[in-house]
Amino acid sequence: MELLCVLAAVAALFCGCAVLTLKCRVPASVAPLTALSAIVAVLTLAAMAGVLYPAAWLLYLLCLAGGVWVAASCRGSTGAAQRLFTPGSVLFWGMALAFTVYFFVRQPMATDFDELSLWATAVKITKVNDSLYATAELGTPWAATQNPGLPLLAYFFQFFGDYADWKIYIGYDILYFSVFAAVVGAVPREKWRVAVPMAAVLWCVPFFFTNYNHTIYLTTTYMTSYGDVPAGLVFGGAVAAWLALRQNSAPKWAVLPILALSANIKANTFVLALVAAGLVAVDEWLFADDGDFKAGLLPRTGFSLACFAAPMAIYYLWNVRYVGWLVSRSASDSGVGETSAPLSAVVVNGMKILLGQPVEGFYAEREAQFRTAMADMGHQFWTSDGKLSMIGQGRNVVALIAIVFAVAILAAASRRLKARIAVIGALSGICFLGYNLMLALSYGFIFKTFQAEQLTDYNRYIYSYYIGWFILALGCLSVALLPQITVKGGADGPTAVFAATRRQPQAAFELFVLVLACGMLFRQGQLILPQLSVLGFADSEFTDRRAERAEAELVCSYLAPDDRVFYVGQGDNGEGWFSAVFDFYPILVDYSGTVTTDPDTGETKMIGGGGELGLPELQPAEGVKSTYYHAFTAQELDSIVRGNGCTVLYIQTLDDIFVQSYADLFTDKLAAAQSGETLLYRVTDAGFAPMPMEVSAQ
């Protein structure tokens, strides 16, 4: 049944793509990315307005109506199928259907920390409530302000049936495949020698730029709900789709929803959306379709502005207006308000430092951290210490991308196309420097000191740009390998004369794509074992998560819908608590700690979210328990439990420190928990009383 539910979403998408291709002249290979982007844009606006559920139904009904319309109007037409099934669209629909069935059979689960703390949790909350996760009541003290693009994309594929982790991966992978299709969007059937090896290259991209060691653990590529890879793919895919649209003389507006989606994935990758918009806008403005710069300058200028307006509108509506409201609401509800320096002030003061101008206060204190971060990032880029991709550090990746651009320029059959590709390559290189500056500013003035010292998650942040940069380079190469037709006009007396010249690229350049595909496949085969990847992972990879999920389902069966759970997981580093928040929902797991704000400095201090609970004098000298030790007296813990509105304590893990510290708060001195008779204690006036239950699921 769940398979049919996802196939219904795929069928709706197909109907929408058919309308775009047959009625709007959007190439079949670009239509999936445009359709997905438009769906996300509609769902985002609807969710912000509080009408997500009816809007989703409306989208499905519109797709169905569009499919009926296309089927009725194209009955008996012999050209419809040829327009719908091109090399790129066949690649997309084949991979989409194959992965849908494959994931339904294998059913991978969310396991990574950030999935359980945000990405997968956001999708589950949205599905359960049929409303935006950012407005849901949670046990966490902070507002969930991450951009809703990817969670709402997953919601579209979760709409029918029950929530499931594997449906998230299907939605995200279908987005991947739509980008792949756009890259080969202009390649016709007779150019299969380009399309097939290019498809192999595209398959390798998510692996190639995110893995650098031989696998000894499961590689979650194609099985993750993180936003870093999608952000890079959509950034590059927007430019690749634009190149395919121009090559096919297709409607240019089809790229605008893609640019909007690029701005709706992660707040810190909004700059990638601006880069994509800039590359599209410059290509449109500088290079007129007919070669006459002055002709149509005003419409071209208007469209170029629209390219920037699409992502900026999404950013303003969500990151400025909506997030501003969420943060202020969280602060007024005794939660956490604004926790970092304003972006505008960060940029201004960072530029002052680079220009040798003095800065004051917070920025003067952080200047050394900013400069150190820049030096460390440079070290990661130039030296072998920068473990980044399957070919090593950043300089090697940039060299590979430069080679692809160079081959594309050499292969292009017209001077105009050579110039277009050269401009895109040069500007994207300049933007790469700007993106690195943005990361340095983040490490210097937004991230915590220890994050800057360790360059925490640097690879994840930087490979978003590398992936997108490589994808748009491949898009340039795909177009460069196609024949180009140039038309020159003249006059023969009173008669206008036009001469068309068809220039073919040299066939030798097609061999480069094959060599690139073989090289990437070979290198991937060296580092990624099939049994430790999406292609052949063992069921045992998710044994622990299945056990945790089973225990959560057992515990929830003994709870009322309005219960609020206080989490006790001795020795936890926060992962267990996040897992419980995810698995228990819609039953709320409390932050299980305190949130205090210094009235003088405004600094917020949060103590909770898993960790070791115990009396101050019992804190271990070292180890995980010491690092995550939350020292409360028995009276303080009792006040926290009751003050937070908790009705039940969930004893996930018990140890001697907890028993010695708080046994007197429990009516049975924790005897039932120690003997394995229960995991739950009800909060009563007399104390925390054991709840009878079966614990066989443990």
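What comes next concerns the included structure. Bear in mind the structure is a predicted one, so any value in this text is a computation, not a measurement.

This part is about the overall build of the chain. Assigned secondary structure in the chain consists of 26 helices and 11 strands. The C-alpha radius of gyration computed for the chain amounts to 28 Å, which stays within 12% of the reference 26 Å derived for 698 residues, consistent with globular compactness. Summarising its shape, the C-alpha atoms of the chain cover approximately 105 × 65 × 50 Å along the three principal directions. Expressed as a percentage of its 698 residues, the buried residues of the chain come to 55%. Restricting to contacts in the chain with at least 6 residues of sequence separation, those with at least 24 account for 73%. The chain carries 42 positive and 54 negative side-chain charges, and their two centres are separated by 19 Å.

A word on the pairing of strand E9 (residues 648-653). Summarising the sheet, strand E3 (residues 564-569) and E9 pair through five bridges and their orientation is parallel. Note on E9: the bridge partner recorded for Tyr567 is Tyr650. Bridge analysis of E9 against strand E10 (residues 680-684) gives three bridges, and the strand direction is antiparallel. Bridge pairing links Leu649 to Tyr681 in E10.

This brings us to the sheet that holds E10. Read from one edge of the open sheet, five strands run E4-E3-E9-E10-E11, paired in mixed fashion. Two strands close off the open sheet at either side, each with one partner strand: strand E4 (588-589) and strand E11 (687-690).

Further remarks concern the nonpolar core. In this structure, Tyr466, Phe470, Leu474 and Phe584 are the most contacted members of the largest nonpolar core, which totals 215 residues. The element best represented in this core is helix H19 (residues 458-480), accounting for 17 residues. Setting aside residues no more than four positions away along its own chain, Leu474 makes contact with Val183, Met198, Val201, Leu202, Val205, Val404 and Leu516. Leu613, Phe658, Ala663 and Val683 belong to the second largest nonpolar core, which has 23 residues in total.

Positionally, Thr34 belongs in helix H2 (residues 31-49). Taking relative accessible area as the criterion, Thr34 reaches 2% and is therefore assigned buried. Residues contacting Thr34, with those up to four places away along its chain left out, are Leu20, Val26, Ala254, Pro257 and Ile258.

Moving on, we come to the pattern of salt bridges. Going through the model one piece at a time under the given rule, you end up with 23 salt bridges. The salt bridge involving Arg549 is made with Asp583; its shortest N-O contact spans 2.8 Å. Taken together, the residues Arg549 in helix H21 (residues 543-556) and Asp583 in helix H22 (residues 575-584) connect sequence positions 34 residues apart. Classification of Asp583 as buried rests on a relative accessible area of 8%. Of the charged contacts in the structure, one is a salt bridge between Asp590 and Arg564, with a shortest N-O distance of 2.8 Å. Taken together, the residues Asp590 in the loop between E4 and strand E5 (594-597) and Arg564 in strand E3 connect sequence positions 26 residues apart. Classification of Asp590 by relative accessible area gives buried; the value is 2%. On the basis of relative accessibility, which here comes to 16%, the residue Arg564 falls in the buried class. If you follow the salt bridges from partner to partner, you end up with Arg246, Lys252, Asp283, Glu284, Asp289 and Arg420 in one network.

Evaluation of the coordinates by the stated rule reveals zero disulfides. The closest cysteine sulfur to the non-disulfide-bonded Cys15 is located on Cys63, 6.9 Å from its own sulfur. Overall, the relative accessible area of 18% leaves Cys15 in the buried class. In this model Cys431 remains outside any disulfide bridge; the closest cysteine sulfur is found in Cys476, 13 Å from its own.

Now for unusual backbone geometry. With glycine set apart, most residues show a phi of negative sign, and most peptide bonds adopt trans. The step from Tyr585 to Pro586 runs through a cis peptide bond, and the omega angle for that step is 20°. Looking at where Pro586 falls in the secondary structure, it is placed in the loop between H22 and E4. The phi torsion at Asp130 lies on the positive side, around 50°, for a residue other than glycine. A positive phi angle, close to 60°, is found at Lys669, a residue other than glycine. In this structure, Lys669 sits in the loop between helix H25 (656-662) and helix H26 (671-674). Relative accessible area serves as the criterion here: at 45%, Lys669 is assigned to the partly exposed category.

Let's shift gears to a nonpolar patch on the surface. Taken together, the side chains of Tyr53, Trp57, Leu61, Leu64 and Val68 define a hydrophobic patch exposed on the protein surface, amounting to about 490 Å² of accessible area. Take Tyr53: it is sitting in helix H3 (residues 52-73). Note on Tyr53: relative accessible area 38%, which makes it partly exposed.

Our focus in this paragraph is the packing of helix H10 (residues 228-247) against H19. Interhelical geometry of H10 versus H19 gives an angle of 20° and a closest axis separation of 7 Å. Relative to H19, H10 is oriented roughly parallel. Pair H10 / H19 crosses with right-handed handedness. The class makeup of the residues in the contact of H10 with H19 is 16 nonpolar, seven polar and two charged.

Okay, helix H24 (residues 634-643) next. It helps to recall that an α-helix has 3.6 residues per turn; residues three or four apart then point in one direction. Within H24, the full set of buried residues consists of Leu637, Asp638, Ile640 and Val641. All buried residues of H24 lie within an arc of 160° about the axis, which places them on one face of the element. In H24, the exposed positions that point more than 90 degrees away from the buried face belong to Gln635 and Gly643.

What follows deals with the environment of Glu617. Here Glu617 lies in the loop between strand E7 (612-614) and helix H23 (624-627). Between the alpha carbons of Glu617 and Leu152 there is a distance of 47 Å; along the sequence they are 465 residues apart.

So, on to helix H5 (residues 87-106). If you check H5, its first and last C-alpha atoms are 28 Å apart, about what 20 residues at 1.5 Å a residue would give, namely 28 Å. Residue Gln107 follows H5 closely and has a positive phi angle near 50°.

Time to look at the packing of aromatic side chains. Counted by the stated rule, this structure contains 58 aromatic pairs. Geometrically, the ring pair formed by Phe99 and Phe177 is edge-to-face, given 5.1 Å between the ring centres and 70° between the ring planes. In this pair, Phe99 is assigned in helix H5 and Phe177 in helix H8 (residues 165-183), connecting sequence segments 78 residues apart. Taking the relative accessible area as the measure of exposure, Phe177 reaches 0% and is therefore buried. A centroid spacing of 5.4 Å and a plane angle of 90° characterise the contact between Phe156 and Phe157, whose relative ring orientation is edge-to-face. You can call Phe156 buried: its relative accessible area is 2%.

Parameters at a glance
- Residues numbered from 1 in each chain as written.
- Predicted model: local features only at pLDDT ≥ 70, side-chain atom pairs only at ≥ 80, totals over all residues.
- Heavy atoms only, no water.
- Helix = DSSP H or I, 4+ residues; strand = E, 2+ residues; numbered from the N terminus.
- Rg over C-alpha atoms; globule rule 2.2 N^0.38 Å.
- Buried < 20%, exposed > 50% of the residue type's maximum accessible area, 1.4 Å probe, protein only.
- Contact = heavy atoms within 4.5 Å.
- Lys, Arg positive; Asp, Glu negative; His and termini not counted.
- Charge placed at Lys NZ, Arg CZ, Asp CG, Glu CD.
- Pairing = 2+ DSSP bridges.
- Core = buried A, V, L, I, M, F, W, Y, C linked by side-chain atoms within 4.5 Å.
- Salt bridge = Lys/Arg side-chain N within 4 Å of Asp/Glu carboxyl O.
- Disulfide = S-S within 2.5 Å.
- Patch = residues over 30% accessible without salt bridge, like charges linked within 9 Å, V, L, I, M, F, W, Y side chains within 5 Å.
- Areas by Shrake-Rupley, 256 points an atom, 1.4 Å probe, with all protein chains shown as cover.
- Axes fitted to C-alpha atoms, helices over the stretch in contact; angles between N-to-C directions.
- Parallel < 35°, antiparallel > 145°, perpendicular 65-115°, else oblique.
- Left-handed = near helix turned anticlockwise from the far one by under 90°.
- Nonpolar A, V, L, I, M, F, W, Y, C, P; charged D, E, K, R; others polar.
- Arc of directions from axis to C-beta.
- Expected span 1.5 Å × (residues − 1).
- Phe/Tyr/Trp six-rings, centres within 6.5 Å; stacked < 30°, edge-to-face > 60°.

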